[in-house]
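Summary of the model geometry
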2 protein chains.
Amino acid sequence: MLTLEDILSAARRIGPYIHRTPVLASTGLDRLLGKKLFFKAEHLQKTGSFKARGALNAALQLQDPKGLIGVSSGNHAQGVAYAAQVIGVPALVVMPQDASPTKKAATRAYGAEVYDQGVTVENREQVVRKLAEETGYELIHPFDDLRVMAGQGTQALELLEQVPALDAVLVAVGGGGLISGIATVVKTLRPEAAVIGVEPEGANDAQQSLQVGVRVKLMQAPKTVADGVRTLVIGEKTFPVMQNHVDRILTVPDEVTLQAQRLMMERLKQVVEPTAGLALGPVLMDYDLPERLAVIVCGGNWMP
Amino acid sequence: MLTLEDILSAARRIGPYIHRTPVLASTGLDRLLGKKLFFKAEHLQKTGSFKARGALNAALQLQDPKGLIGVSSGNHAQGVAYAAQVIGVPALVVMPQDASPTKKAATRAYGAEVYDQGVTVENREQVVRKLAEETGYELIHPFDDLRVMAGQGTQALELLEQVPALDAVLVAVGGGGLISGIATVVKTLRPEAAVIGVEPEGANDAQQSLQVGVRVKLMQAPKTVADGVRTLVIGEKTFPVMQNHVDRILTVPDEVTLQAQRLMMERLKQVVEPTAGLALGPVLMDYDLPERLAVIVCGGNWMP
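Predicted, not measured: the structure shown is a model, and the values here were computed from it.

Cut-offs applied
- Residues numbered from 1 in each chain as written.
- Chains lettered and ligands numbered in written order.
- Predicted model: local features only at pLDDT ≥ 70, side-chain atom pairs only at ≥ 80, totals over all residues.
- Heavy atoms only, no water.
- Helix = DSSP H or I, 4+ residues; strand = E, 2+ residues; numbered from the N terminus.
- Rg over C-alpha atoms; globule rule 2.2 N^0.38 Å.
- Buried < 20%, exposed > 50% of the residue type's maximum accessible area, 1.4 Å probe, protein only.
- Contact = heavy atoms within 4.5 Å.
- Areas by Shrake-Rupley, 256 points an atom, 1.4 Å probe, with all protein chains shown as cover.
- Lys, Arg positive; Asp, Glu negative; His and termini not counted.
- Charge placed at Lys NZ, Arg CZ, Asp CG, Glu CD.
- Pairing = 2+ DSSP bridges.
- Axes fitted to C-alpha atoms, helices over the stretch in contact; angles between N-to-C directions.
- 1 Å grid on protein atoms, 1.4 Å probe; cavity = no way out; pocket = protein on both sides within 12 Å on 5 of 7 lines; lining within 4 Å.
- Points joined across faces, edges and corners; volume = space filled by probe spheres on them.
- Nonpolar A, V, L, I, M, F, W, Y, C, P; charged D, E, K, R; others polar.
- Domains from an automatic or database assignment.
- Least-squares fit on C-alpha atoms with pLDDT ≥ 70 in both.
- UniProt positions renumbered as here; feature names shortened; annotations may be inferred.
- Buried area = accessible area lost by both parts, 1.4 Å probe.
- Salt bridge = Lys/Arg side-chain N within 4 Å of Asp/Glu carboxyl O.
- Polar contact = N/O pair within 3.5 Å; in protein donor to acceptor, adjacent residues only side chain to side chain.
- Right-handed = clockwise from strand over helix to strand, strands pointing away.
- Parallel < 35°, antiparallel > 145°, perpendicular 65-115°, else oblique.
- Left-handed = near helix turned anticlockwise from the far one by under 90°.
- pLDDT = per-residue confidence, 0-100.

A tally of helices and strands in chain A yields 12 helices and 10 strands. Against the globule reference of 19 Å for 304 residues, chain A gives a C-alpha radius of gyration of 18 Å, in line with a compact fold. On the principal axes, the C-alpha backbone points of chain A span a range of 55 × 40 × 40 Å. A buried classification covers 62% of the 304 residues belonging to chain A. Within chain A, residue pairs in contact and separated by at least 24 positions form 72% of the contacts whose partners lie at least 6 positions apart. Carbon and sulfur atoms make up 49% of the accessible area of chain A, which totals about 11,400 Å². Of note, chain A has its 30 positive side-chain charges centred 4 Å away from the centre of its 32 negative side-chain charges.

Shown next as structure tokens:
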């Protein structure tokens, strides 16, 4: 099980290579939405998303790797590419053919090779395992890896220092790596704060999994504008952490996600991904939420 | 003539009502463009642009005004509306009928009345003078007013504290209020730094005016994506300051302005207006520029 100590070690390990991202706020937006909102600006992180944290924490613990290999619809790809650059080895990243061209280009710009021929959200896990065997590169899983989960959790250490007396944290949920890391920190250091996961309507596998107590797998890639959370099933390692530490999972329809993304661009003047809008989504809906809310702005790799 | 003392007084006067905006930087962008760039983030200012500074500095010096009236294609409108809110009087803003709907809506959201029936860039000065007489409201000119110029200059006081050893400042030029304020500060406190104005190709009235030594007026509104600088002629009061303190004016074609805006969104993850892209434009071109450059990010009131 993931512990606070793992995350404190990760913070020391990756500290020299990542940004301590700011927390942004807007009194106008607070007035409009009736809450005190704190936006943890991971779109300003190296590579434009929090994924650099987890990939680096895994990469920095490897003994003489030949190279790194990863699978991703986008941001983890750039995380792996950046981590490989930091430790000075080649990177190979498997991306679905229909992944965002911006994210593919950015992954190549970090010096990684992108493999996408015939790759889909459904078959990508098999493709990457086969390529890992062929190349001898070290596989860095996008979420189901304790080192990756610990790396993602480091942003919550910063957040709790930056925002006193937080009532809840809103986190988009894909495979569960991000929320596992954050929940472990928050529930250890500030247990009275709620950890709330957010999924797109129609892609609520995490919500269903927590309800029934076993992992539920979507049989095909969910259709959602939130391209950062198109995983089919949460991880073996992330699931028990989520069972222990996540208070609720809420769902948001795509039109609210886009509305929330637009509001963040208009009021915070920040370029954010739809998946960042997903995390803010519940605040625009009827859900009963406490007063002082942190929203994890997971990434900004998106262009109009 | 505008003096440093005017600008220091303005800074004390408006300080409680404005943000000290951050300076943003991106090592990736520096590498790409081969310069050390410092982005003065006035798109994160109150009202989403630097115009709040000048309008406030004028409004706070009025004796019992009945209300404020202004004319603007956008950002000064919000500045006047915000200033009126701060001093607790009504605001009326004359905007061209084809001004950005986002900016009109934002101006109304600050509590101002927008007058746009039959208003064009060409006739707006007459319209506003007539309405000022009818209402008895105090006219706050968007640029040709020493109080407004002093207010805009306050950002340069911050900039010189935030960025040591600056070689040049790039500033978009419309009526010249912004560059007059900035140039007065820079040429007094750091005369070795160049103050460089930037205009759209085909709207280079300031460049021509400085070349020939008299103000040159465009006979119709310039066609440019940089909607913040569609003025026909620089001001009577801004012109002598520019003659004294501005080193060069450079021109940028619209396609480079849009490319620069896109780069700022992609690399800085900031929502900025095309006119902010205009200021960065020269760095993407063949112009001979020094190493350490500040770019004034004039505003972020724009939506894709």
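What follows is about the sheet that holds strand 3 (residues 68-71) of chain A. All names here are of chain A. One open sheet accounts for 4 strands, arranged 5-4-3-6; its pairing is parallel. Every other strand in the sheet has two partners, leaving strand 5 (113-115) and strand 6 (138-140) as the edge strands with one partner each. Neighbour-to-neighbour, the strand axes of this sheet turn through a mean angle of 25 degrees, independent of strand direction. As paired elements, strand 3 and strand 4 (residues 91-94) share 4 bridges and run parallel to each other. Bridge pairing links G70 to V93 in strand 4.

Another aspect to go through is the layout of surface pockets. Left-over empty space is what a probe sized like a water molecule reveals as it rolls over the atoms. All names here are of chain B. By volume, the second largest pocket amounts to about 770 Å³. Around the second largest pocket, the lining is made up of 43 residues, and of these R124, E125, P142, F143 and T231 lie nearest the centre. Those elements that provide at least two residues to the lining of the second largest pocket are helix 4 (75-87), helix 6 (124-135) and helix 8 (177-189). Ranked by the residues each element gives to the lining of the second largest pocket, the list is headed by helix 6, at 4 residues. Looking at the lining of the second largest pocket residue by residue, the classes come out as 14 nonpolar, 16 polar and 13 charged. Counting residues domain by domain, the lining of the second largest pocket receives three or more from each of domain 1 (4-50 + 145-297) and domain 2 (52-139).

Let's shift gears to the relation of the copies chain A and chain B. Screw-axis analysis of chain A against chain B gives a translation of 0.0 Å along the axis, an RMSD of 0.0 Å, and a rotation angle of 180 degrees. Considering both components of the superposition, the chain copies are consistent with a two-fold axis. For chain A, the minimum C-alpha distance to the rotation axis belongs to Q270 of chain A and amounts to 2.3 Å. A symmetric contact is evident, with 100% of the interface residues of chain A recurring at the interface of chain B.

Turning to the UniProt feature "domain: Tryptophan synthase beta chain-like PALP" (unreviewed entry) in chain A, a few remarks are in order. Following the UniProt record, the feature "domain: Tryptophan synthase beta chain-like PALP" (unreviewed entry) maps to residues 16-293 of chain A here. Within the segment residues 16-293 of chain A, helix and strand shares are 42% and 15% respectively, and the terminal C-alpha atoms sit 29 Å apart.

What follows concerns the domain arrangement of chain A. Residue and element names in this part refer to chain A. Entries for chain A in the domain assignment read domain 1 (4-50 + 145-297) and domain 2 (52-139). Computed over C-alpha atoms only, the centres of domain 1 and domain 2 are separated by 23 Å. Taking both sides of the interface into account, the surface hidden between domain 1 and domain 2 amounts to around 2,200 Å²; carbon and sulfur atoms contribute 52%. Its largest share of buried area at the contact with domain 2, domain 1 owes to T47, R147 and R230, together 32% of the area lost on that side. In this assembly, domain 1 and domain 2 are joined by 3 salt bridges. Its salt-bridge partner being R53, residue E158 comes within 3.0 Å of it at the nearest N-O pair. Run the count over domain 1 and domain 2 and you get 12 residue pairs in polar contact (both at pLDDT 80 or more). Those elements giving two or more residues to the side of domain 1 that touches domain 2 turn out to be helix 1 (4-14) and helix 7 (146-162). Top contributing element to the side of domain 1 that touches domain 2 by residue count: helix 7, with 8 residues. Split into classes, the residues belonging to the side of domain 1 that touches domain 2 amount to 9 nonpolar, 11 polar and 9 charged.

Residues and elements named next belong to chain B. Counting buried positions along strand 7 (residues 168-172) yields 5 of 5 residues, so the element is predominantly enclosed. Side chains A168, L170 and A172 of strand 7 all project onto a buried face; the interleaved residues V169 and V171 project onto the opposite face, where all are buried too. Handedness of the crossover is the feature at issue here: the chain leaves strand 7, passes through helix 8, returns alongside strand 8 (residues 194-200), and the resulting connection is right-handed.

A pair of packed helices is captured by two measures, namely the crossing angle of their axes and the spacing between those axes. All names here are of chain A. Put simply, helix 7 and helix 8 (residues 177-189) touch, their axes get as near as 7 Å, and they point 45 degrees apart. In terms of axis orientation, helix 7 runs oblique to helix 8. When the axes of helix 7 and helix 8 are compared, the crossing they make is right-handed. Across the interface between the two elements, M149, Q152, G153, Q155, A156, L157 and L160 of helix 7 pack against G177, L178, S180, G181, I182, V185, V186 and L189 of helix 8. In terms of residue class, the contact of helix 7 with helix 8 is built from 9 nonpolar, 6 polar and no charged.

Contacts between the two partners involve 16 residues from chain A, matched on the other side by 16 residues from chain B. The contact between chain A and chain B buries some 1,300 Å² in all, and 63% of this surface belongs to carbon and sulfur atoms. When the buried surface of chain A facing chain B is broken down by residue, K269, V271 and M303 of chain A rank first, second and third, together holding 45% of it. Linking chain A with chain B are 0 salt bridges, by the criterion used here. Counting every contact that joins chain A to chain B gives 7 residue pairs in polar contact (both at pLDDT 80 or more).

To continue, consider the confidence of the model for chain A. When pLDDT is low, close inspection of the predicted coordinates is not appropriate. Overall, the predicted model of chain A reaches an average pLDDT of 95, with 100% of residues at or above 70. On the interface metric, ipTM, the complex scores 0.88, and its pTM is 0.91.

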